[in-house]
Amino acid sequence: GMYLDTMRADIESFKVGENGFALIVNDQGQILFSGTNEGELAAADEGEDLRNSSNEALSQLATRALVGDTNVEIVSVDGANYYIGYAPMQAVGWSYMVVLPEEEVLAPTEQLLKSMDERSVVEQQTIRERIIGLIFGMLSFAILMIIAVFFISRTLAKRLAAPITRLTDKVRQVNGDQLDFEW
């Protein structure tokens, strides 16, 4: 129910992403309308049957599309990889295809992975800084504890040894006949 001129205009103006486009292949395997003017997927007045293309992957895709299959496949066309989704136009026996460059499809995933890698580096740096801070804190605490233990043990040693030291001093003062000393 659509005029061919309208269909041509719609297909030629249809854009998916930045470089994606659509095309229609008739039941003879010819590209009737295409959003690109160059390469294997451009429309031609007397185009070749895509099923007979020298590009084996494109030939097999066209064959599956024209028997009514629906799918998305990666195909190398004109030296670049493209995701090509296809579905039948059952009323006329044609196939509608949408073509999108692989790098454009994978770009969001690659951006997400890059972002995750960057975030991972930041998180690793943060963890390293916290570990270094903990180690520094623990070493500082250990040094303070060693100093405190040193002073406490020294003070306790002096207190415990004080009576023995006094007794030793008194005993040293014992001289000759003088055996008396105060305790």
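First things first, this report covers the structure right here in the doc. (Residues numbered from 1 in each chain as written. Predicted model: local features only at pLDDT ≥ 70, side-chain atom pairs only at ≥ 80, totals over all residues. Heavy atoms only, no water.)

**A short note on the overall build of the protein chain**
So, step 1. Along the protein chain, the regular secondary structure elements total three helices and five strands.
So, step 2. Of the regular secondary structure in the protein chain, the N- to C-terminal order runs α-β-β-α-β-β-β-α.
So, step 3. Taken over 183 residues, the protein chain has a buried fraction of 22%.
So, step 4. As displayed, the protein chain offers around 13,300 Å² of accessible surface, 58% of which is attributable to carbon and sulfur atoms.
So, step 5. Counting 14 positive and 27 negative side-chain charges, the protein chain places the centres of these two groups 31 Å from one another. (Helix = DSSP H or I, 4+ residues; strand = E, 2+ residues; numbered from the N terminus. Buried < 20%, exposed > 50% of the residue type's maximum accessible area, 1.4 Å probe, protein only. Areas by Shrake-Rupley, 256 points an atom, 1.4 Å probe, with all protein chains shown as cover. Lys, Arg positive; Asp, Glu negative; His and termini not counted. Charge placed at Lys NZ, Arg CZ, Asp CG, Glu CD.)

**Quick look at the nonpolar core**
Within soluble globular proteins, side chains that are nonpolar tend to cluster in buried spots.
So, step 1. Within the largest apolar cluster, 18 residues are counted, with the highest numbers of intra-cluster contacts made by Leu23, Leu41, Ile84 and Met97.
So, step 2. Those elements that place two or more of their residues in this core are strand S1 (21-25), helix H2 (56-66), strand S3 (71-77), strand S4 (80-89) and strand S5 (94-101).
So, step 3. Per-element tally for this core: the top contributor is H2, with five residues.
So, step 4. Discounting chain neighbours no more than four positions away, the residues touching Ile84 are Leu41, Leu58, Leu61, Asn71, Val72, Glu73, Val75, Val77, Met97, Val98 and Val99.
So, step 5. By size, the runner-up hydrophobic cluster in this structure holds six residues, among which are Ile11, Ala22, Ile24 and Trp94. (Core = buried A, V, L, I, M, F, W, Y, C linked by side-chain atoms within 4.5 Å. Contact = heavy atoms within 4.5 Å.)

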